[in-house]
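Residues per chain are reported as follows:
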Amino acid sequence: MSEHLTEHGPEELPKVESAELEQATERAENKAENQTEKPEQQAERAHEARTTIEAQAEEPPAYEEKAPDKPDHQPTRLDKDVNYQQTMRSLQRQLKPASRTFSKIIHHPVVDATSEIVGKTVLRPSVTLGATVTAFVLVGLVYLVSRRYGFPLSGSELPLALVAGGLLGFVLELVSKLLKKRR
């Protein structure tokens, strides 16, 4: 045997870790014990093993696996605000000084909130379209009639036509939304 070690060298011998060695020893001892046990003892041990396995199968796992694409928590309003501010500062640093100043003015919280409110009410596409089309048609008709019959225009025709057209556009949008809901 010593010749075998010197011929092939120590690198070719399999390495056995101590944990594997302990497990193999335990298995050998258990096998020896099982051979000396009576059949009643073996049946009792098998029954205990089955009940342990069934109990473990019924217990819920101690941990829950999370989907890798779901974040740990839902972002809060504060998280979104901080992220928005950091993004704005980062982007504004890349702008030229004049553009940076304009961006700071436009994205100031007061101006931004006012712009959002106006965009959701007065400057909606339906209101804007209704106002411009109606104002164009009404002011054109009033101008033609005043020219034909010779009465002077006061100057309030355009603002009144814009308001009337905006209201008309808003009402038409509401009617179309109601019709879509019924379908």
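1. Describing the overall build of the protein chain
Phase 1: Per the secondary structure count, the protein chain includes eight helices and zero strands.
Phase 2: When the helices and strands of the protein chain are listed from N to C terminus, the series reads α-α-α-α-α-α-α-α.
Phase 3: In the protein chain, which comprises 183 residues, the share counted as buried stands at 9%.
Phase 4: Sequence separation of 24 or more characterises 41% of the internal contacts of the protein chain that already satisfy a separation of 6 or more.
Phase 5: If you sum the accessible surface of the protein chain, you get close to 16700 Å²; carbon and sulfur atoms cover 61% of it.

2. A short note on helix H8 (residues 157-182)
Side chains of residues three or four places apart in an α-helix project in the same direction, reflecting 3.6 residues per turn.
Phase 1: Taking 1.5 Å per residue, 26 residues should reach 38 Å; H8 reaches 38 Å between its end C-alpha atoms and fits that length.
Phase 2: Where H8 is concerned, the buried positions are Ala 161, Gly 165, Gly 166, Gly 169 and Glu 173.

3. Looking at the side chain of Gln 92
Phase 1: By the secondary structure assignment, Gln 92 is in helix H4 (residues 77-93).
Phase 2: Take Gln 92: its relative accessible area is 10%, and that puts it in the buried class.

4. What to know about the packing of H4 against helix H5 (residues 97-106)
Angle between the axes and distance between the axes are the two parameters that describe a pair of packed helices.
Phase 1: H5 packs onto H4 with a crossing angle of 155° between their chain directions and a minimal axis gap of 9 Å. Put simply, H4 runs roughly antiparallel to H5. Residues Met 88, Gln 92 and Arg 93 of H4 pack against Arg 100, Ser 103 and Lys 104 of H5.
Phase 2: Residues belonging to the contact of H4 with H5 are distributed by class as follows: one nonpolar, two polar and three charged.

5. Notes on the side chain of Ser 103
Phase 1: Along the chain, Ser 103 falls in helix H5.
Phase 2: A relative accessible area of 9% places Ser 103 in the buried class.
Phase 3: Setting aside residues no more than four positions away along its own chain, Ser 103 makes contact with Met 88, Gln 92 and Leu 95.

6. With respect to the packing of helix H7 (residues 125-149) against H8
Phase 1: Their axes nearest at 6 Å, the elements H7 and H8 cross at an angle of 135°. Overall, the two elements H7 and H8 adopt an arrangement that is oblique. Seen from above, H7 lies across H8 with right-handed handedness. Contacts between H7 and H8 involve Ser 126, Val 127, Gly 130, Ala 131, Thr 132, Thr 134, Ala 135, Leu 138, Val 139 and Val 142 on the former and, on the latter, Glu 157, Leu 158, Ala 161, Leu 162, Gly 165, Gly 166, Leu 168, Gly 169, Phe 170 and Glu 173.
Phase 2: Class assignment of the residues belonging to the contact of H7 with H8 gives a composition of eleven nonpolar, seven polar and two charged.

7. Description of the confidence of the model for the protein chain
Phase 1: On average, residues of the protein chain carry a pLDDT of 80, and 71% of them reach 70 or more.
Phase 2: Within the model, the stretch residues 1-5 combines pLDDT values under 50 with two contacts to residues more than four positions away or in other chains.

8. Observations regarding the pattern of salt bridges
Phase 1: Under the definition given, this model contains three salt bridges.
Phase 2: Where Asp 81 meets Arg 77, a salt bridge forms, and the shortest distance between an N and an O atom there is 3.8 Å. Of this pair, Asp 81 and Arg 77 both sit in helix H4, four residues apart, which is roughly one turn of that helix.
Phase 3: With a relative accessible area of 63%, Arg 77 lands in the exposed category.
Phase 4: A salt bridge links Glu 173 to Arg 124; its shortest N-O distance comes to 2.3 Å. Placement of the pair is Glu 173 in helix H8 and Arg 124 in the loop between helix H6 (109-120) and H7, with a sequence separation of 49 residues.
Phase 5: We classify Glu 173 as buried; its relative accessible area is 16%.
Phase 6: Connected through salt bridges with shared partners, the residues Arg 124, Glu 173 and Lys 177 form a single ionic network.

Thresholds applied
Residues numbered from 1 in each chain as written. Predicted model: local features only at pLDDT ≥ 70, side-chain atom pairs only at ≥ 80, totals over all residues. Heavy atoms only, no water. Helix = DSSP H or I, 4+ residues; strand = E, 2+ residues; numbered from the N terminus. Buried < 20%, exposed > 50% of the residue type's maximum accessible area, 1.4 Å probe, protein only. Contact = heavy atoms within 4.5 Å. Areas by Shrake-Rupley, 256 points an atom, 1.4 Å probe, with all protein chains shown as cover. Expected span 1.5 Å × (residues − 1). Axes fitted to C-alpha atoms, helices over the stretch in contact; angles between N-to-C directions. Parallel < 35°, antiparallel > 145°, perpendicular 65-115°, else oblique. Nonpolar A, V, L, I, M, F, W, Y, C, P; charged D, E, K, R; others polar. Left-handed = near helix turned anticlockwise from the far one by under 90°. pLDDT = per-residue confidence, 0-100. Salt bridge = Lys/Arg side-chain N within 4 Å of Asp/Glu carboxyl O.

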